[in-house]
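Summary of structural features
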Amino acid sequence: MMSKFFSFTASRDWFYRYSFAKAGLRAQSANLGDGTIMHCWVPKIIKSSKPNLLLLHGFGANAMWQYGQHLHIFTSRFNVYVPDLLFFGESYTSRPERTESFQAQCVMRLMEANGVHRMNLVGISYGGFVGYSMASQFQENIEKVVLCCAGVCLEEKDMENGLFAVPNLDEAARILLPQTAEKLRELMRFSFVMCKDYVKEKRELIQAILHGRNLSVLPKITQPALIIWGEKDQIFPLELGHRLKRHVGESSQLVIIKNAGHAVNLEKAKEFAKYLKSFLIDSAAFPSPYPGSLTDFIHDKNDG
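Residues numbered from 1 in each chain as written. Predicted model: local features only at pLDDT ≥ 70, side-chain atom pairs only at ≥ 80, totals over all residues. Heavy atoms only, no water.

1. Considering the overall build of the protein chain
When helices and strands are tallied, the protein chain shows twelve helices and ten strands. Taken across its 304 residues, the protein chain has 59% of its residues classed as buried. Partitioning the contacts of the protein chain with sequence separation of at least 6, the portion at a separation of at least 24 is 74%. For the protein chain, the exposed area adds up to about 12,900 Å²; of that, 52% sits on carbon and sulfur atoms. (Helix = DSSP H or I, 4+ residues; strand = E, 2+ residues; numbered from the N terminus. Buried < 20%, exposed > 50% of the residue type's maximum accessible area, 1.4 Å probe, protein only. Contact = heavy atoms within 4.5 Å. Areas by Shrake-Rupley, 256 points an atom, 1.4 Å probe, with all protein chains shown as cover.)

Below, the structure is given as structure tokens:
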């Protein structure tokens, strides 16, 4: 079963490389000079008249898998950048830091190396942790923020209190980083993730986002923010979406997509794309500051 899956991932990888190139992007690796190499898909032709858009992936094989279906929406309107975060795809570091804060700093250095100093960003799951940290650390550089199923407001005690479907950090790491066919099947019931390289380092990334996490010390971001959540998310339950909305406040809006789990960008790709487009391109649909900030937009599969 595992060998068939790896064959599938290889063919899927080829398909996405082709589609990324066809969308006007090229692969690039940047040496940040401290034992850190970051791989990124960047525009073949950069147009100064276009705004910049940074797409941050979650726990998956690499960035291509989570944004392949959505590139065509944005490449005509933005200079699009899609990096592999550290220990995913072709990005890695010899440094010991594993926090989302360090990931955020590395991504910012990557963008600056590409001459990009102002940008909008989308972060899915773990990418949302990194994106939130970027918005907090680099307020002048980040314009609009989309956070999708990103449990930024979780606390370590949530696991003990039964908020999650797993009881502890070790079990969370085992599910998110499947090494056996049985664990892979278990994971596929939760989400869509495949991690076979840098397993030790990825486990350390998971531990870093959970260990000692406390909402009281989480800074508030001030940029206009769209929060998207799958109603049936079992990795980061919907309660964390409401918690994030309350924490960020009036500059944010929460969209709940019904009949969707954690991989809402793949499960409900059209709805996901519709809300990204409304927020990032059709600004009138989500004016800032948002009126009725406590109102959730709930999208059902039967909607138009």
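More follows now that the structure is in view.
2. Focus on helix α5 (residues 126–137)
In this model α5 runs 17 Å from its N-terminal to its C-terminal C-alpha over twelve residues, within 8% of the 16 Å that 1.5 Å per residue would give. Of all twelve residues in α5, eleven are buried; the element is thus mostly enclosed. All buried positions along α5 are accounted for by Tyr 126, Gly 127, Gly 128, Phe 129, Val 130, Gly 131, Tyr 132, Ser 133, Met 134, Ala 135 and Ser 136. For α5, the secondary structure elements touched by its buried residues are β3 (52–56), α4 (100–113), β6 (119–124), β7 (142–148), α9 (199–210) and α10 (238–248). (Expected span 1.5 Å × (residues − 1).)

3. Topic: the packing of aromatic side chains
Tallied over the entire structure, the rule returns eight aromatic pairs. Considering the side-chain rings of Phe 59 and Phe 88, the 5.1 Å spacing of their centres and the 90° angle between planes classify their relative orientation as edge-to-face. Of this pair, Phe 59 sits in the loop between β3 and α2 (63–67) while Phe 88 sits in the loop between β4 (79–83) and β5 (92–93), and the two are 29 residues apart along the sequence. In terms of burial, Phe 59 and Phe 88 fall into one category: buried. A connected cluster of aromatic rings, assembled from ring pairs, spans Phe 59, Phe 88 and Tyr 126. A cation over an aromatic ring shows up here: Lys 144 above the ring of Phe 279, its NZ or CZ 5.1 Å from the ring centre. One residue, Lys 274, lies across the ring of Tyr 275, its end atom 5.1 Å from the ring centre. (Phe/Tyr/Trp six-rings, centres within 6.5 Å; stacked < 30°, edge-to-face > 60°. Lys NZ or Arg CZ within 6 Å of the ring centre and 35° of its normal.)

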